[in-house]
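Residue strings, one per chain:
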Amino acid sequence: MIPEKSRLLLILFFGSFLLRVAIIGQMSMHDIGFQHPFVDEMTNVDQARAFLEDGPAAGTPWWKPPGYPALLATVGSFFGEIGNPGQGVPLSWAWTVKSLQALLDALTTVLLALMAWRWGGRRAALWTGLLHAFYALSAYFSGQFLDTTLFSFLIVLSVERLDAVRQMTVEESPPLFGWGITGFVTGLAAITRAVALPLGPIFALIALHHSWKTRHRWNAMGALLLGFLLSLGPVMALNRWAGEDRVLVSSNGGINLLIGNRAGGGIGADGLTSVAAGPRWDELLELADHLDQPSERSRLYTRLAWAEISADPAAWLQRMGIKALALVSARDVPNNKNLVEEFEQNRILSILQYGPGSSGFLIALMIWGGWRLRRELWSRGLPIVITIGVLALLTWLFFVAGRYRVPMLALGCILGGVGLSRACLQWRDALPLLLLALVTHSIPIPSKQLMETYCIDPMALGYIHEQRGDLSLAEEWYQRCLQQEP
């Protein structure tokens, strides 16, 4: 007889996994990037190709964190080769990678439900698991060559491990191995997306606070930091000795800071979206053409960002206000592709984007759940709240895109799920949630026009449609490209 908790977690796992596989199956029929990655997706795939061709030191010092391309290369090692740089990928490899990502996202569902079970029991686990299983944007990114799914899994796993060791009593004497594993997984998250770097020291302080009244307090903190450095260290060493630069993980932080804090209100200069490939991107790169070291270029972009901020602080504060609203808006800021078009083409996603599967509902539910559980957050939900806060702060400081909210809202499912498990069928529970949902859906950021028309690289989309023989669609994207950059 399978125990009740294991049975529930298995049901949530298979439900979440099968839903994502069905979505990926529909993507394979309409997603032009399924075999033809472009922009960030192509960067990840080409880095994986470099790893397969030249080994782990390829591409150092790294422009982007190497964690996700390393996963792609690991899968690719079973295929022999995954195509030439800048070209499409084998269909079988694309299916394998995206099925693996569906598996990882389903495991994320299980981890979230497990934490909710520890906090609030069976009902809390059920609500939490269902919220994440039906989360449309999380399911969508399972089918993209982007780091979103892997990063979300690693972040949730690190928080789950931290939560598990914190639940052990002093008499149980939490093993140092448990703290070390927490640090190691957090380091893996940091080499997948660098915004997780501050979480290593922060989690170490949480370990110190938890163990303060025991004789192992410094050992717990040290074990977590050691685990963190064990996963971070090889990346730092390769950047230093193979790449001959002092880049910690990757060198794109400076230019991203400039992108998110520049003056202007157009595409790529609104504090929300990235910079479209082409002339605008080339202009940014030319600013640092005279510098050889990536770390030097990154520092230059940081100084330029500060110059933009200090030149007109009032305008910068206005942009930061817009970005803050975008973080809690129901509308997901597009990046790489047009989310509106992608969701309309996928029948399952078009259903999930409404109601419980929408970002707007989950944001409202996360805030509502945090308010309901406010008396327990310090004792029970501290790692969850701190992680959401750190990721939100760094996203706000750089630039906002839909995929950067995915791990935050995944953890927010716990607050919403536990909150729902404590709710009664009374207006005092429903009314605040309804008001929060109305507020998130009434925020007009990003604008409807930006959501419907924006794509990071219309030229690449036109080219891929042309290669597939969809000439009318190719012409449509080329015309859009001409409108954006005559």
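Figured I'd write up the structure that's included with this text. (Residues numbered from 1 in each chain as written. Predicted model: local features only at pLDDT ≥ 70, side-chain atom pairs only at ≥ 80, totals over all residues. Heavy atoms only, no water.)

### A short note on the overall build of the protein chain
Each helix and strand in the protein chain was counted, giving 23 helices and 0 strands. Over its C-alpha trace the protein chain gives a radius of gyration of 22 Å, about what one expects of a compact globule, namely 23 Å for 486 residues. In terms of overall dimensions, the protein chain has a C-alpha envelope of 65 × 55 × 55 Å along the principal axes. Sorting the 486 residues of the protein chain into buried and exposed places 55% on the buried side. A separation of at least 24 residues holds for 80% of the contacts in the protein chain among residues at least 6 apart in sequence. With an accessible surface of roughly 21,200 Å², the protein chain has 64% of that area assigned to carbon and sulfur atoms. Side-chain charges in the protein chain split into 38 positive and 38 negative, and the spacing between the mean points of these groups amounts to 14 Å. (Helix = DSSP H or I, 4+ residues; strand = E, 2+ residues; numbered from the N terminus. Rg over C-alpha atoms; globule rule 2.2 N^0.38 Å. Buried < 20%, exposed > 50% of the residue type's maximum accessible area, 1.4 Å probe, protein only. Contact = heavy atoms within 4.5 Å. Areas by Shrake-Rupley, 256 points an atom, 1.4 Å probe, with all protein chains shown as cover. Lys, Arg positive; Asp, Glu negative; His and termini not counted. Charge placed at Lys NZ, Arg CZ, Asp CG, Glu CD.)

### Focus: helix 8 (residues 176–190)
Compared with an ideal rise of 1.5 Å per residue, which puts 15 residues at 21 Å, helix 8 spans 21 Å between its outermost C-alpha atoms and is within 8% of the ideal. On its buried face, helix 8 is in contact with helix 7 (148–166), helix 9 (199–210) and helix 10 (217–242). (Expected span 1.5 Å × (residues − 1).)

### Regarding a negative patch on the surface
A contiguous patch of negative charge, built from Asp282, Glu283, Glu286 and Asp289, is present on the exposed surface. Looking at where glutamate 283 falls in the secondary structure, it is placed in helix 12 (residues 279–286). Here glutamate 283 falls in the exposed class, since its relative accessible area comes to 52%. (Patch = residues over 30% accessible without salt bridge, like charges linked within 9 Å, V, L, I, M, F, W, Y side chains within 5 Å. Salt bridge = Lys/Arg side-chain N within 4 Å of Asp/Glu carboxyl O.)

### Points about the packing of helix 7 against helix 19 (residues 406–422)
Helix packing for two helices is described by the angle between their axes and how far apart those axes are. Close contact between helix 7 and helix 19 brings their axes to 9 Å; oriented N to C, the two are set at 40°. Of the possible angle classes, the one that applies to helix 7 and helix 19 is oblique. When the axes of helix 7 and helix 19 are compared, the crossing they make is right-handed. From helix 7, Thr148, Phe151, Ser152, Ile155, Val156 and Val159 reach across to helix 19, where they touch Val406, Pro407, Ala410 and Leu411. Of the residues that constitute the contact of helix 7 with helix 19, the class distribution is 8 nonpolar, 2 polar and no charged. (Axes fitted to C-alpha atoms, helices over the stretch in contact; angles between N-to-C directions. Parallel < 35°, antiparallel > 145°, perpendicular 65-115°, else oblique. Left-handed = near helix turned anticlockwise from the far one by under 90°. Nonpolar A, V, L, I, M, F, W, Y, C, P; charged D, E, K, R; others polar.)

### Some thoughts on the packing of aromatic side chains
Taken as a whole and assessed by the stated rule, the structure comprises 9 aromatic pairs. Ring centres of tryptophan 93 and phenylalanine 145 lie 5.4 Å apart, and the angle between their planes is 15°; this geometry places the pair in the stacked category. On the criterion of sequence distance, the pair formed by tryptophan 93 in helix 4 (residues 91–120) and phenylalanine 145 in the loop between helix 6 (136–141) and helix 7 is long-range, its members being 52 residues apart. The same class applies to tryptophan 93 and to phenylalanine 145, which are both buried. Their ring planes at 40° and their centres at 5.5 Å tell us that tyrosine 140 and phenylalanine 343 sit as a pair that is tilted. One end of the pair, tyrosine 140, is in helix 6; the other, phenylalanine 343, is in helix 15 (residues 339–345), and 203 residues separate them in sequence. The exposure classification of tyrosine 140 matches that of phenylalanine 343, with both residues buried. The lysine or arginine in question, lysine 98, covers the ring of phenylalanine 34, its NZ or CZ lying 3.9 Å from the ring centre. In this structure, arginine 480 packs its charged tip against the face of tryptophan 477, placed 4.1 Å from the ring centre. (Phe/Tyr/Trp six-rings, centres within 6.5 Å; stacked < 30°, edge-to-face > 60°. Lys NZ or Arg CZ within 6 Å of the ring centre and 35° of its normal.)

### So, a nonpolar patch on the surface
A cluster of nonpolar side chains, namely Trp427, Leu431, Leu434, Leu435 and Leu438, defines an oily patch on the protein surface of about 550 Å² accessible area. Note that leucine 431 resides in helix 20 (residues 427–442).

### Let's talk about the side chain of lysine 323
Structurally, lysine 323 is set in helix 14 (residues 313–328). By relative accessible area, lysine 323 is classed as buried at 0%. Discounting residues that sit within four places of it in the chain, lysine 323 has contacts with Gly260, Asn261, Gly271, Leu272, Trp396, Leu397, Phe398, Phe399 and Val400.

### Focus on the nonpolar core
Note that soluble globular proteins tend to have their nonpolar side chains buried in a common cluster. Grouped together as the largest cluster of nonpolar side chains are 115 residues, with contacts concentrated most on Trp93, Phe145 and Leu411. Residue contacts for leucine 411: discarding those within four places in its chain leaves Leu112, Met115, Ile155, Val156, Val159, Ile384, Thr387 and Ile388. (Core = buried A, V, L, I, M, F, W, Y, C linked by side-chain atoms within 4.5 Å.)

### Some points on helix 22 (residues 458–468)
Among all positions of helix 22, only Pro458, Ala460, Leu461, Gly462, Ile464 and His465 are buried. Note on helix 22: the residue one or two positions beyond its end, glycine 469, has a positive phi of about 90°.

### Here we look at the pattern of salt bridges
Counted under the stated rule, the structure contains 14 salt bridges. In this structure, glutamate 41 engages lysine 337 in a salt bridge whose closest nitrogen and oxygen atoms are separated by 3.7 Å. Pair noted here: glutamate 41 is in helix 2 (residues 40–54) and lysine 337 is in the loop between helix 14 and helix 15, with a separation of 296 residues, a long-range link. Given a relative accessible area of 1%, glutamate 41 falls into the buried group. Given the relative accessible area of 3%, lysine 337 is considered buried. When the shortest N-O distance is used, the salt bridge between glutamate 160 and arginine 161 registers 2.8 Å. Glutamate 160 gets classed as buried once you look at its relative accessible area, which sits at 2%.

Honestly, that's just the spatial picture; any functional story needs more than this.
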